[in-house]
Amino acid sequence: MIKSVRLEAGKPPESISLSDISRFLEKPRGIIWVSLEKASNTEIESILSGVFNFHPLAIEDCESIGYQTPKVDDFDHYLFIIANAIHPDANLKDLATSELNIFLSEHYIVTCFTDEAMSCVQNIWQRMSKDDRLSARGADFICHAILDTLVDEYMPLLDKMDEEVEWLEDQVLANPETATLERLLTLKHMVMSLRRVISPQRELINRLTRDEFLQISAVSRIYFRDIYDHLVRIQDMSESIRDIVSGAVDIYLNSTSLRLNTVMKALTIVSTIFLPLTFLAGVYGMNFKYFPELELTWAYPALWFVFLLIVVLMLTFFKKRQWF
Amino acid sequence: MIKSVRLEAGKPPESISLSDISRFLEKPRGIIWVSLEKASNTEIESILSGVFNFHPLAIEDCESIGYQTPKVDDFDHYLFIIANAIHPDANLKDLATSELNIFLSEHYIVTCFTDEAMSCVQNIWQRMSKDDRLSARGADFICHAILDTLVDEYMPLLDKMDEEVEWLEDQVLANPETATLERLLTLKHMVMSLRRVISPQRELINRLTRDEFLQISAVSRIYFRDIYDHLVRIQDMSESIRDIVSGAVDIYLNSTSLRLNTVMKALTIVSTIFLPLTFLAGVYGMNFKYFPELELTWAYPALWFVFLLIVVLMLTFFKKRQWF
Amino acid sequence: MIKSVRLEAGKPPESISLSDISRFLEKPRGIIWVSLEKASNTEIESILSGVFNFHPLAIEDCESIGYQTPKVDDFDHYLFIIANAIHPDANLKDLATSELNIFLSEHYIVTCFTDEAMSCVQNIWQRMSKDDRLSARGADFICHAILDTLVDEYMPLLDKMDEEVEWLEDQVLANPETATLERLLTLKHMVMSLRRVISPQRELINRLTRDEFLQISAVSRIYFRDIYDHLVRIQDMSESIRDIVSGAVDIYLNSTSLRLNTVMKALTIVSTIFLPLTFLAGVYGMNFKYFPELELTWAYPALWFVFLLIVVLMLTFFKKRQWF
Amino acid sequence: MIKSVRLEAGKPPESISLSDISRFLEKPRGIIWVSLEKASNTEIESILSGVFNFHPLAIEDCESIGYQTPKVDDFDHYLFIIANAIHPDANLKDLATSELNIFLSEHYIVTCFTDEAMSCVQNIWQRMSKDDRLSARGADFICHAILDTLVDEYMPLLDKMDEEVEWLEDQVLANPETATLERLLTLKHMVMSLRRVISPQRELINRLTRDEFLQISAVSRIYFRDIYDHLVRIQDMSESIRDIVSGAVDIYLNSTSLRLNTVMKALTIVSTIFLPLTFLAGVYGMNFKYFPELELTWAYPALWFVFLLIVVLMLTFFKKRQWF
Amino acid sequence: MIKSVRLEAGKPPESISLSDISRFLEKPRGIIWVSLEKASNTEIESILSGVFNFHPLAIEDCESIGYQTPKVDDFDHYLFIIANAIHPDANLKDLATSELNIFLSEHYIVTCFTDEAMSCVQNIWQRMSKDDRLSARGADFICHAILDTLVDEYMPLLDKMDEEVEWLEDQVLANPETATLERLLTLKHMVMSLRRVISPQRELINRLTRDEFLQISAVSRIYFRDIYDHLVRIQDMSESIRDIVSGAVDIYLNSTSLRLNTVMKALTIVSTIFLPLTFLAGVYGMNFKYFPELELTWAYPALWFVFLLIVVLMLTFFKKRQWF
Ligand SMILES: [Mg+2]
Ligand SMILES: [Mg+2]
Ligand SMILES: [Mg+2]
Ligand SMILES: [Mg+2]
Ligand SMILES: [Mg+2]
Ligand SMILES: [Mg+2]
Ligand SMILES: [Mg+2]
Ligand SMILES: [Mg+2]
Ligand SMILES: [Mg+2]
Ligand SMILES: [Mg+2]
Ligand SMILES: [Mg+2]
Ligand SMILES: [Mg+2]
Ligand SMILES: [Mg+2]
Ligand SMILES: [Mg+2]
Ligand SMILES: [Mg+2]
Ligand SMILES: [Mg+2]
Ligand SMILES: [Mg+2]
Ligand SMILES: [Mg+2]
Ligand SMILES: [Mg+2]
Ligand SMILES: [Mg+2]
Ligand SMILES: [Mg+2]
Ligand SMILES: [Mg+2]
Ligand SMILES: [Mg+2]
Ligand SMILES: [Mg+2]
Ligand SMILES: [Mg+2]
Ligand SMILES: [Mg+2]
Ligand SMILES: [Mg+2]
Ligand SMILES: [Mg+2]
Ligand SMILES: [Mg+2]
Ligand SMILES: [Mg+2]
Ligand SMILES: [Mg+2]
């Protein structure tokens, strides 16, 4: 689907047709925003190549499926930006990303995505009619608004991961099960993936803030810096989550060997008590002809006294060693 | 709460009203310090936006709750600084931070925080009437004094953590319990959080020392360098604590398997002694018709001699192997 | 084998002889591409030294067998490039590389390899007659096309490794065997080797993009940047695979100790139940003259009740502790 | 204690009084060296502030107790240097440092320490009357001589640690005890502390070599480079010690589980041999009326043969599995 | 021993005396090479200080025993280079290094070593009479030839280590013994030491390639770059060996706990089978007056059936759990 609109300060947004775009590009007045949503390859080629005449490599990037690393390419007359939105699944099992492509010049902004939906683009498109600033401040400010929304959408995931990790940390102390370890490792996995998406995205925004691109005014650069701060914070949080996960895995692994210790102590206590007793009972079960103790009336009760003495002594010994 | 004061070299601080501030900003004489304490969003907007006309992104940062990474933003006419004070809880379980925002220009300093209290600001406010240097040396020197106090407040925490880690290190050798491991991991956790607060704070102070900001005189830069030295030292100490914690965790984990060894040795010694004895007793408890040994008078005492011999030989063998 | 061809925009490729090359070098028109395939040292020396007079060190690099790190050397009139294609074996056990040497100037490109085959060179050679762009855009574009194909050939390996690691991750949870660990470690090994090939290759392409080599036009630089993006993505994927492998090894190692726990619990349950029972049976097998219990008619059935009571109590105790 | 001396090329050192210093500073001839040893705060303030008028922050650093990170501060007319000498205790248990402060200008050098003694300063003070070069080459050469001696004093510690680690490495193989682990961890601890002292010290000397400080002549810079080489070597050695310690800890930890294996094998061999034997003896101790074997004359000796057969078979089986 | 020779393009090398050197230095024609082999301190001082008047710090470095980090010092008129050759012992147990000192100017090269022999110097000395290029291309080319040979001598060690690590990797799977672990750790140790020698050597060669030293012509710089490539490759290989060693140690450590699992399973199977059997035998060995089962004729054979049933059931259970 292709949507296009012309914006001018103080005026409401005006929908335009494809032929208007070509006329506008020859003689720009105000700015235009063309949005390719759930774009097919035919749409991409007819607009991006046919109308705007963008570089074939940039168009190839728009068309190619599969994850692409965020970046900004400077094609003199326009910037080509790749950014990635995230779509965590409900159970925090996997991190799906969807790609947003932006072409930014002084006079226009073209956004393009091939996935079903891209909320950051669609939100800003709707805000256009209400928020005057979007019309008044140029294409770079619209680009900022879209990327700011895209980055803001990372926060709920991080909050969810933070909650999950807190819960798992408590769980690992109270009731360390294999399922807990698996969830910890899945979470670690997700944080690692997240970091690999965020890190080049941060570098991308940093370049928009720092490099003197003609397409981005000095005033807008401060706004991109605000997105940068957000990404720094998100990276901080993900590192923090990774640290807690590592600590929780350590507690888990130690709990495994602690339980082994408990099991072995139980076995050792029972064995060291009953093996000597059983031996003694075996001795007085022997069938020797000459066996003086067997004749004594007090021998049997006396042996029970010895049995009890051994048990008490053993238990005292293990108690002293804090085995239970 | 909003407090404001005008300072001039050689004169006592003079309280001023909000309307005085506007007049001062048009025609500055001396410097003013405006302090927003436990500030509500209404106060922030009326002063920072209404009176000072600061950038909306900076005001957004002042209003937003939640941790923000320390930074300095250069808005040409003024610097906007975010720093973080720390509030460790009494049991060293968690590291709470509270945010301080500073707007610094040649002619004024505006400090702002939304939390209950911020001792570094309040201490310097009180010192103002006693310490002439604060009036005489300009807004950048007041800014230095506040940040110096903020950083100095990290030291008691580090000393406490240092004490705790020393105690835990001894504990882990003397009496390694799960509680000790948990405290170690909590401490490691805190050191990691601390490092993430200190590192950008250090970078922030470093920029104030190194970048040639108009708002900071060459003379003051040396004073910011003094804060930088402190932060380097604090970072060093936190790395040192992290190393000791790691070492202590290693000792702890090894103690777990050492204790397992002890337990298993006890079991093995008792089993290898009594299993053969019990077998022998079992043999002489058999009911064979033809069983010549049972008839011999010396057989029973002789068997006891064999029992003792086996015990002594086994114990000698284990002693040689240093099993106890 | 030596193949050589002259290319001019708008004309079909024209095969040329060795003597044509010498004449061309004196008075270039269009560009030539000389391809040494499965080259012997005699061929290398006669062409690269005899005809082109390349630097002896570059020729030494072409002749030397054994892995060489990717690089680009600038010999003023021409660039000398070493790149490495990969040949993973079918079972993902080992990573064989084969070396491609390229000499690039404004007027010619010379490719050279000593191995049996090099598909990226041979593919482009065949594409030459169909794709006009190769004739029209100069030697640097042909160089790009070859390196792009060489890098694209990495993808199938990474996809295979990705599949393998996913399978192993599931395997390690369902059925952790030594063979699984060995395959995980082999995979880790391969990822490490791969990273060591990719990293300097990425640096090589980066230099071709960034350094202002006379042999590479500004237009072509964007195309090399496209290869660079691919290598960044490949490095990302290999890091991701390495992370999953590490996580899987962790699960595997923990499964080993979990199984030990299961084994020891079984032993402990059986021992702690039967050792007391056997002791009691031993007691009533003793031969004391004075042994009142033996005379009672209800003693034997009563003892069986005690036996069962002990078993039930023990099992309840272990059940409560969740030992099974 | 305050000592001061005036040095001129070709003349013996001449002791001077405090008032001479003030006169010298107005009209310098030759160079002076003022040494504050075991300095009290009164002495520091009267000389460093009163006579030399040094910056209050530098004086604060001299007075402050507690470890300070090595650094050099450039106060235009003079450099302020903090370096740290080390005092390892005899048992290699802890690494005490003591701080040396140096103020260096073209015309004077002021050294200051608050600890009991500082051998590097005191050695050079004594060498002054013997070694002409110290008088002839200026204050920067004296500074070099002091810092060179300070760094040379690190070597004996590193040699001692090297010896200790070699001994511990052999010990861990021959006789791995908890005490060995503790010493290894203490050593690791010390190496880590040492690295944290050396690393900024190396950076400090590097800056003296590289930055173009007015106070240090081009000729002297080569001499500071010689100290730098020493620190590089010291850092190398400490990394090497750290590596060997890590390796030794690995061997130690494995020895713990190897010993557990040995213990468990002993238990298993004894149990698997005697449990079946005891069962068989128990069988022939049963009191069944109908029990044909008990009547046979050869049954008892035959059973002993079976006992021996079981023992031999079991031992052969374990021998084959290389269990002993 | 001191050897010296004068080289001129197109002429055979001509031996010269010490007095010739002094005369040459005043009025150089061609180049000279002075080689101090197995040099005593007297020789070093008479030649390096007396004749060449080199800097005392460089001479100190030549005389000092013990390992010195590779480096290049620029003394304006000449470069001072320290490089390290390696002498692995036959059993790959330890890595001995021997130091080579080179003084390089436009007109002369002085090589100096204090050890018994230095093959790279001696080889080039012999090649001098055969290889014209050494005479024709200047002192920097001779320096390159020596360092190239020195670096080439690292390869056999790396090949040997590579072979050793491959053998150990197989060994650790087939037959993991403590000796294997020790050899792995020794190898890891050696790789670490090697890396610490190679890394500054690489930096040294890199500086000779990159820094614009007057003593090294642009043409020679390409030759030093060839040595640099070699060192990069050597460093790569050593990292690869380190990785394989780590992987092999992991397999080894896991094999220890796998064997513990096997041992414990054996114990558990034997115990859980025979403890119940022994209990039952004990029951029918009791001496109760009222014991109805003992009177039944079919009781004894029936019990053997029960015994066998228990054994079969248990073995089926363990078989199902894949315990053997
Ligand atoms: Mg795409
Ligand atoms: Mg640009
Ligand atoms: Mg997608
Ligand atoms: Mg945002
Ligand atoms: Mg926002
Ligand atoms: Mg919690
Ligand atoms: Mg913000
Ligand atoms: Mg805030
Ligand atoms: Mg807060
Ligand atoms: Mg401070
Ligand atoms: Mg202070
Ligand atoms: Mg202690
Ligand atoms: Mg200070
Ligand atoms: Mg080759
Ligand atoms: Mg090959
Ligand atoms: Mg490609
Ligand atoms: Mg392509
Ligand atoms: Mg999966
Ligand atoms: Mg692309
Ligand atoms: Mg001090
Ligand atoms: Mg001290
Ligand atoms: Mg020295
Ligand atoms: Mg010296
Ligand atoms: Mg040794
Ligand atoms: Mg030296
Ligand atoms: Mg030497
Ligand atoms: Mg040596
Ligand atoms: Mg070589
Ligand atoms: Mg060579
Ligand atoms: Mg192999
Ligand atoms: Mg080469």
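Calculation rules
Residues numbered from 1 in each chain as written. Chains lettered and ligands numbered in written order. Predicted model: local features only at pLDDT ≥ 70, side-chain atom pairs only at ≥ 80, totals over all residues. Heavy atoms only, no water. Least-squares fit on C-alpha atoms with pLDDT ≥ 70 in both. Contact = heavy atoms within 4.5 Å. Buried area = accessible area lost by both parts, 1.4 Å probe. Salt bridge = Lys/Arg side-chain N within 4 Å of Asp/Glu carboxyl O. Helix = DSSP H or I, 4+ residues; strand = E, 2+ residues; numbered from the N terminus. Polar contact = N/O pair within 3.5 Å; in protein donor to acceptor, adjacent residues only side chain to side chain. Nonpolar A, V, L, I, M, F, W, Y, C, P; charged D, E, K, R; others polar. Domains from an automatic or database assignment. Phe/Tyr/Trp six-rings, centres within 6.5 Å; stacked < 30°, edge-to-face > 60°. Buried < 20%, exposed > 50% of the residue type's maximum accessible area, 1.4 Å probe, protein only. Lys NZ or Arg CZ within 6 Å of the ring centre and 35° of its normal. Pairing = 2+ DSSP bridges. Axes fitted to C-alpha atoms, helices over the stretch in contact; angles between N-to-C directions. Parallel < 35°, antiparallel > 145°, perpendicular 65-115°, else oblique. UniProt positions renumbered as here; feature names shortened; annotations may be inferred. pLDDT = per-residue confidence, 0-100. Arc of directions from axis to C-beta. Core = buried A, V, L, I, M, F, W, Y, C linked by side-chain atoms within 4.5 Å. Left-handed = near helix turned anticlockwise from the far one by under 90°. Patch = residues over 30% accessible without salt bridge, like charges linked within 9 Å, V, L, I, M, F, W, Y side chains within 5 Å. Areas by Shrake-Rupley, 256 points an atom, 1.4 Å probe, with all protein chains shown as cover.

Chemist: Is there a simple way to explain the relation of the copies chain A and chain B in this structure?
Modeler: The operation relating the two chain copies consists of a rotation about an axis and a shift along that axis. Once chain A has been moved 0.2 Å along the axis and rotated by 72 degrees, it coincides with chain B to within an RMSD of 0.2 Å. As the rotation angle and translation indicate, the two copies are arranged about a five-fold axis. Every residue of chain A has its C-alpha some distance from the rotation axis, and the shortest such distance is that of A:Gly285, at 4.9 Å.

Chemist: Would you mind showing me how to read the interface of chain A and chain B here?
Modeler: Accessible area lost on assembly of the parts is the figure often given for the size of an interface. Contacts between the two partners involve 48 residues from chain A, matched on the other side by 50 residues from chain B. For the pair chain A and chain B, the two sides together bury roughly 4100 Å², of which 67% comes from carbon and sulfur. When residues of chain A are sorted by the area they lose upon contact with chain B, A:Phe279, A:Asn287 and A:Phe288 head the list and together hold 16% of the total. At the junction of chain A with chain B, the criterion picks out five salt bridges. Among the ionic pairs, B:Arg196 bridges to A:Asp243, the shortest N-O distance being 3.0 Å. Only α7 (154-174) and α9 (218-283) of chain A provide two or more residues apiece to the side of chain A that touches chain B.

Chemist: Teacher, can you tell me more about the interface of chain D and chain B here?
Modeler: Facing 50 residues of chain D, the contacting portion of chain B comprises 48 residues. Between chain D and chain B, the buried area comes to about 4100 Å², and carbon and sulfur atoms account for 67% of it. If you look at where chain D meets chain B, you find 11 residue pairs in polar contact (both at pLDDT 80 or more). Sorting the residues of the side of chain D that touches chain B by element identifies α3 (56-63), β4 (71-75), α8 (178-210), α9 (218-283) and α10 (299-320) of chain D as the ones contributing at least two each. In terms of residue count, α9(D) provides more of the side of chain D that touches chain B than any other element does, 17 residues in total. Here the side of chain D that touches chain B is composed, by residue class, of 28 nonpolar, 12 polar and 10 charged.

Chemist: How should the domain arrangement of chain A be read in this particular structure?
Modeler: The domain boundaries assigned to chain A delineate domain 1 (2-255) and domain 2 (270-320). When each unit is reduced to the centre of its C-alpha atoms, the spacing between domain 1 of chain A and domain 2 of chain A is 79 Å.

Chemist: Explain the packing of aromatic side chains to me, please; I cannot follow it from the model alone.
Modeler: The geometry of an aromatic ring pair comes down to the distance between the two centres and the angle between the two planes. Under the criterion given, the structure shown has 100 aromatic pairs over all chains. Considering the side-chain rings of B:Phe279 and D:Trp304, the 6.2 Å spacing of their centres and the 80 degrees angle between planes classify their relative orientation as edge-to-face. Linking B:Phe279 in helix α9 (residues 218-283) with D:Trp304 in helix α10, this pair reaches from one chain into another. Its relative accessible area of 5% is what places B:Phe279 among the buried residues. One cation-aromatic arrangement involves B:Arg137 over B:Phe141; the distance from NZ or CZ to the ring centre is 4.9 Å.

Chemist: How should the sheet that holds strand β6 (residues 95-104) of chain E be read in this particular structure?
Modeler: Where strands meet in a sheet, backbone hydrogen bonds hold them as pairs that are either parallel or antiparallel. All names here are of chain E. Overall, mixed pairing links the seven strands, which are arranged β2-β1-β3-β7-β6-β5-β4 in an open sheet. At either end of the open sheet lies a strand with only one pairing partner, and these are β2 (14-15) and β4 (71-75). Bridge analysis of β6 against strand β7 (residues 108-112) gives four bridges, and the strand direction is antiparallel. Bridging across to β7, Phe103 finds its partner in Val110.

Chemist: Help me understand the arrangement of the chains, please; the structure alone is not making it clear to me.
Modeler: Between chain C and chain D there is no contact, and the shortest C-alpha to C-alpha distance separating them is 9 Å. In this assembly chain B lies apart from chain E, the nearest approach of their C-alpha atoms being 9 Å.

Chemist: What am I meant to see in the packing of helix α6 (residues 139-152) of chain A against α7(A) here?
Modeler: Packed helices, taken two at a time, are described by the angle their axes make and the gap between the axes. Residue and element names in this part refer to chain A. α7 packs onto α6 with a crossing angle of 15 degrees between their chain directions and a minimal axis gap of 4 Å. With respect to α7, the element α6 is oriented roughly parallel. Where α6 approaches α7, its residues Leu150, Val151 and Asp152 are matched on the opposing element by Tyr154, Met155 and Pro156. Of the residues belonging to the contact of α6 with α7, the class tally is five nonpolar, no polar and one charged.

Chemist: Teacher, can you tell me more about the environment of D:Ser220 here?
Modeler: Residues and elements named next belong to chain D. Looking at the element boundaries, Ser220 is found in helix α9. Residue classification places Ser220 among the buried residues on the basis of a relative accessible area of 4%. For the pair Ser220 and Gly138, spaced 82 residues apart in sequence, the C-alpha to C-alpha distance is 9.3 Å. Once residues lying within four places of it in the same chain are set aside, the contact partners of Ser220 are Asp140 and Phe141.

Chemist: It is not clear to me how the UniProt feature "transmembrane region" (unreviewed entry) in chain A should be interpreted in this structure. Could you clarify?
Modeler: All names here are of chain A. In this structure's numbering, the residues bearing the UniProt feature "transmembrane region" (unreviewed entry) are residues 266-286 and 298-318. Between the C-alpha atoms that bound residues 266-286 there is a distance of 31 Å. The span itself is 86% helix and 0% strand. Segment residues 298-318 splits into 95% helix and 0% strand. End C-alpha atoms: 31 Å apart.

Chemist: I tried to follow the environment of E:Trp33 on my own but got confused; where do I start?
Modeler: All names here are of chain E. Mapped onto the elements, Trp33 comes out in strand β3 (residues 31-36). Spatially, the C-alpha atom of Trp33 lies 7.8 Å from that of Ala139, the residues being 106 residues apart in sequence. In this view, Trp33 contacts Lys3, Ser4, Val5, Ile109, Thr111, Val121, Ile124, Trp125, Met128, Ile142 and Ile146; residues no more than four positions away in its chain are not counted. At 3.1 Å, the side chain of Trp33 and the side chain of Thr111 are in polar contact.

Chemist: Which parts of the structure should I look at to understand unusual backbone geometry?
Modeler: With glycine set apart, most residues show a phi of negative sign, and most peptide bonds adopt trans. All names here are of chain C. You will see that Gln322, though not glycine, has its phi angle at about 60 degrees, which is positive. Residue placement: Gln322 occurs in the segment after α10 (299-320). On the accessibility criterion, Gln322 (59% relative accessible area) is exposed.

Chemist: How should the pairing of strand β3 (residues 31-36) of chain D be read in this particular structure?
Modeler: Regular strands place side chains that alternate from one sheet face to the opposite one. Residue and element names in this part refer to chain D. β3 sits mainly inside the fold: six of its six residues count as buried. Going residue by residue along β3, you find Ile31, Trp33 and Ser35 tucked away on one face and Ile32, Val34 and Leu36 tucked away on the opposite face as well. In terms of strand pairing, strand β1 (residues 2-7) meets β3 through six bridges, oriented antiparallel. In the strand pairing of β3, Arg6 is matched with Ile32. Examined bridge by bridge, β3 and strand β7 (residues 108-112) share five bridges and lie parallel to one another. Among the inter-strand pairings, Trp33 is bridged to a residue of β7, identified as Ile109.

Chemist: What's the story with the confidence of the model for chain A in this structure? I'm lost.
Modeler: When pLDDT drops low, the exact placement of atoms in the prediction is not to be read closely. All names here are of chain A. Mean pLDDT over chain A works out to 91, with 100% of the residues at or above the 70 mark. Across chain A, the secondary-structure element scoring lowest on mean pLDDT is helix α5 (residues 132-136), at 84, and the one scoring highest is strand β7 (residues 108-112), at 97. This complex was scored by the predictor with a pTM of 0.87 and an ipTM of 0.85.

Chemist: Where do I start with helix α2 (residues 41-51) of chain E in this structure?
Modeler: Each α-helix winds once per 3.6 residues, and so residues spaced three or four apart point in a common direction. Residue and element names in this part refer to chain E. Of the positions making up α2, those classed as buried are Ile44, Ile47 and Leu48. Angular distribution of buried residues about the axis of α2 spans 90 degrees; they occupy a single face of the element. Away from its buried face, by an angle of more than 90 degrees, α2 presents the exposed residues Thr42 and Gly50. For α2, the secondary structure elements touched by its buried residues are β1 (2-7), α1 (18-26), β3, α3 (56-63), β6 and β7. One or two residues past the end of α2 sits Asn53, with phi positive at roughly 60 degrees.

Chemist: Can you walk me through the sheet that holds strand β1 (residues 2-7) of chain C in this structure?
Modeler: Sheet architecture is open: seven strands sit in the order β2-β1-β3-β7-β6-β5-β4 (chain C), paired in mixed fashion. Edge positions in the open sheet fall to β2 (14-15) and β4 (71-75) of chain C, since each of these has one partner strand only.

Chemist: Please clarify how the nonpolar core should be interpreted in this entry.
Modeler: One broad rule of soluble globular proteins: the nonpolar side chains tend to lie buried together. In terms of nonpolar packing, the biggest core is built from 353 residues, with A:Leu208, B:Leu208, C:Leu208, D:Leu208 and E:Leu208 touching the most fellow members. Non-local contacts of B:Leu208, meaning those with residues more than four positions away in its chain, are made with B:Val72, B:Leu79, B:Ile81, B:Leu147, B:Phe213, B:Ile216, B:Arg221 and B:Phe224. Counting residues in each nonpolar core, the second largest holds 126 residues, with A:Tyr300, B:Tyr300, D:Phe274 and E:Val270 among its members.

Chemist: Please explain the packing of helix α9 (residues 218-283) of chain C against α10(C) as it appears in this structure.
Modeler: Residue and element names in this part refer to chain C. α10 packs onto α9 with a crossing angle of 160 degrees between their chain directions and a minimal axis gap of 10 Å. Considered as vectors, α9 and α10 are oriented roughly antiparallel to each other. Crossing of α9 against α10: the hand is right-handed. Mapping the contact onto sequence places Ile269, Thr272, Ile273, Pro276, Leu277, Leu280 and Ala281 in α9 and Val306, Phe307, Ile310, Val311, Met314, Leu315 and Phe318 in α10. Of the residues in the contact of α9 with α10, the class split is 13 nonpolar, one polar and no charged.

Chemist: Can you walk me through a nonpolar patch on the surface in this structure?
Modeler: Nonpolar side chains collect at one region of the surface, where A:Phe305, A:Val306, A:Leu309 and A:Leu313 lie side by side and expose about 390 Å² of accessible area between them. In this structure, A:Leu309 sits in helix α10 (residues 299-320).

Chemist: Whenever I open this one, the pairing of strand β7 (residues 108-112) of chain B confuses me. Can you help?
Modeler: Residues and elements named next belong to chain B. In terms of burial, β7 is largely enclosed, as five of its five residues are buried. What you see with β7 is no split at all: Tyr108, Val110 and Cys112 on one side and Ile109 and Thr111 on the other are buried throughout. Adjacent in sequence and paired antiparallel, strand β6 (residues 95-104) and β7 are bridged by three residues.

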